[in-house]
Each structure stands twice: as C-alpha cells, then as structure tokens.
Amino acid sequence: MTDRDAPAPVAAPAPVTILLVEDDEVIRRSVTMALERYGYRVMSAGDGLTGLELFREGRHDLLLLDVMLPGLDGIGLCRRIRETSMDPVLMMSARGDALEVVSGLEAGADDYVVKPVDTAVLVARIRSLLRRAVYAPAQADRARPERHRPDDRDSDHDRDPALLVFGDLTIDTAGLEVSLAGRPVALAPTELRLLLEFAAHPGTVLDRQALLRNVWDYGWDGDSRVVDLCVQRLRKKIGADRVETVRGFGYKLRR
C-alpha cells in the first residue's frame, strides 16, 4: 500500500480540561494527580482571583471550585463565572455546612462534594456533570410530545416535532434552545436537563429522587437540596409559576 492509499490519521480526542481552584497546596496537588490519572487535563489556581483570570484566558470543560478561597471566595467566583458562562461547576466544601452548600448552589453551581472526597466519588460526579453538558439523543426522543397532531391549518412552527410549547414558553429539543415570550433564555446544562425532564412529563409530579436519578445521574441517593435550588434558579428564568410544587411529593411542569 502506498502512502497515498494509506488512511488519513484520526486525531485523538482532546482531553477534558478541568480548572481546579483550591488554596490548600496539598489538596490541590493530590486532586490534580488523581484527576490526571483518569486522563483529565488539569489547570489549577490557589486563589479566587487567579482562578478568575485563568477562566477568562482559556476554555475549560468543567470548573472545580473550593468554597473557602482567599481574595475571592468560591461562591463569589462562581457568580462571576455565571455572568458569562454556563460551563459545569462543581463546588467543594470542607464541612458540608448547609449554608455553604445552599449559597454555592444559589450562586449557580451544578453540584457539590464534601472534602475529604474519595477520588472515585469525585470522578463519578465529574462524569455526571460532563454527561449533562452533552445532549443525549434519547432525551430528545423522550421529550417529543404526542399531543401535537398537526393538520393543514397548523403553522410551520406547530409542525416541528422537536418544539415543545407551554404557553409563552418554547423548548427546542433539537437545537437545545429555550425562549420565553419570543426571547431566548440562557440555561446552564443542569437547568436545561431539568426542564427537559419536566417537559417530557407535563402535568406529572416528579419526586426529588427520580429527578436526582434522571437529571443528576445519581446511582445513589443524593442531596435533594440540589434539586430544590436548581428548580428555584429555573423558576427565575422561565417564570415562578411554571414549575409547581406539590408538597410532600415533588414538582411538576404546568401544561
């Protein structure tokens, strides 16, 4: 076989890049080494302001932020990141203090872990967040409604099976775009996955554990606060009355 007949080389997939911001040098080194053993590329910073600079200078697939940081703490850093980016954010808390956890999630974090964290658990959470950031085709198939039965009088908008319409809320499950009253709504990956899960079962009450399994990919019981806080963030973006709380059971999307 000549060189001309040889198959073109296939480029290896680029490694996933994680920005780690942790002020404890020992923890920073150990987490970096552990993640690199799993094939991740890690960039690190020892304080919030340096982490913000690195975030602005490069492209990262996921951000791993400690809560307690000098200069700019992890919660403030997460808020700054959310001003311009919907990249997955995983917070690390030394104590798992309820106030820290809630503050981090309210700032826009997608999930959190408590230090010291087992490497296998950390990698599982990272993989889960990365899966949420990549659209799963099966989700689109589940989300497509059967209630649209277009006829000749329907508009082109109604004929598109990838469009879900709930009043002035429109969800394009193919293009992964959401609009409210014709205006685009920017959603973080977890918020989008949560909305798609609700839209796949309009009017049906979904309990928190089911949402943890289907949206957060938890194979074990997780902290239901991540669900509650993500629902709160979603309500702020699509309307407070769009997702209804059914006390003692869970949440449902109003038709």
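Residues numbered from 1 in each chain as written. Predicted model: local features only at pLDDT ≥ 70, side-chain atom pairs only at ≥ 80, totals over all residues. Heavy atoms only, no water.

Undergrad: What is the right way to look at the side chain of Glu197 in this model?
TA: By the element assignment, Glu197 lies in helix α8 (residues 189-200). Of the polar contacts made by the side chain of Glu197, one reaches the side chain of Asn214; its length is 3.2 Å. (Helix = DSSP H or I, 4+ residues; strand = E, 2+ residues; numbered from the N terminus. Polar contact = N/O pair within 3.5 Å; in protein donor to acceptor, adjacent residues only side chain to side chain.)

Undergrad: Would you mind going over α8 with me for this structure?
TA: Note: α-helices contain 3.6 residues per turn, so residues at a spacing of three or four share the same orientation. With 12 residues, α8 should cover 16 Å at 1.5 Å per step; its first-to-last C-alpha distance of 16 Å lies within 8% of that length. Burial within α8 is extensive, with 12 of its 12 residues counted as buried. Among the residues making up α8, those that are buried are Pro189, Thr190, Glu191, Leu192, Arg193, Leu194, Leu195, Leu196, Glu197, Phe198, Ala199 and Ala200. (Expected span 1.5 Å × (residues − 1). Buried < 20%, exposed > 50% of the residue type's maximum accessible area, 1.4 Å probe, protein only.)

Undergrad: What is the right way to read the sheet that holds strand β10 (residues 206-207) from this model?
TA: The strands that make up a sheet are held in pairs by hydrogen bonds between backbone atoms, and each pair lies either parallel or antiparallel. In spatial order, the strands read β10-β12-β11; together these 3 strands make up an open sheet with antiparallel pairing. At either end of the open sheet lies a strand with only one pairing partner, and these are β10 and β11 (243-246). Bridge analysis of β10 against strand β12 (residues 250-253) gives 2 bridges, and the strand direction is antiparallel. Residue pairing in the sheet places Asp207 in a bridge with Gly250 of β12. This element, α8, spans β10, β11 and β12 of the sheet and lies at about 75° to β12. Set on the sheet, helix α10 (residues 225-238) makes contact with β11 and β12; between it and β11 the angle comes to about 145°. (Pairing = 2+ DSSP bridges. Contact = heavy atoms within 4.5 Å. Axes fitted to C-alpha atoms, helices over the stretch in contact; angles between N-to-C directions.)

Undergrad: Which parts of the structure should I look at to understand the sheet that holds strand β7 (residues 169-172)?
TA: The sheet built from 4 strands is open, its strands ordered β6-β7-β8-β9 with antiparallel pairing. The open sheet has two free edges, formed respectively by β6 (163-166) and β9 (183-185), since each of these has just one partner strand. For this sheet the average axis-to-axis angle between neighbouring strands, irrespective of direction, equals 25°. Set on the sheet, α8 makes contact with β6, β7 and β8 (177-180); between it and β7 the angle comes to about 105°.

Take it as geometry only, folks, not as evidence of what the structure does.
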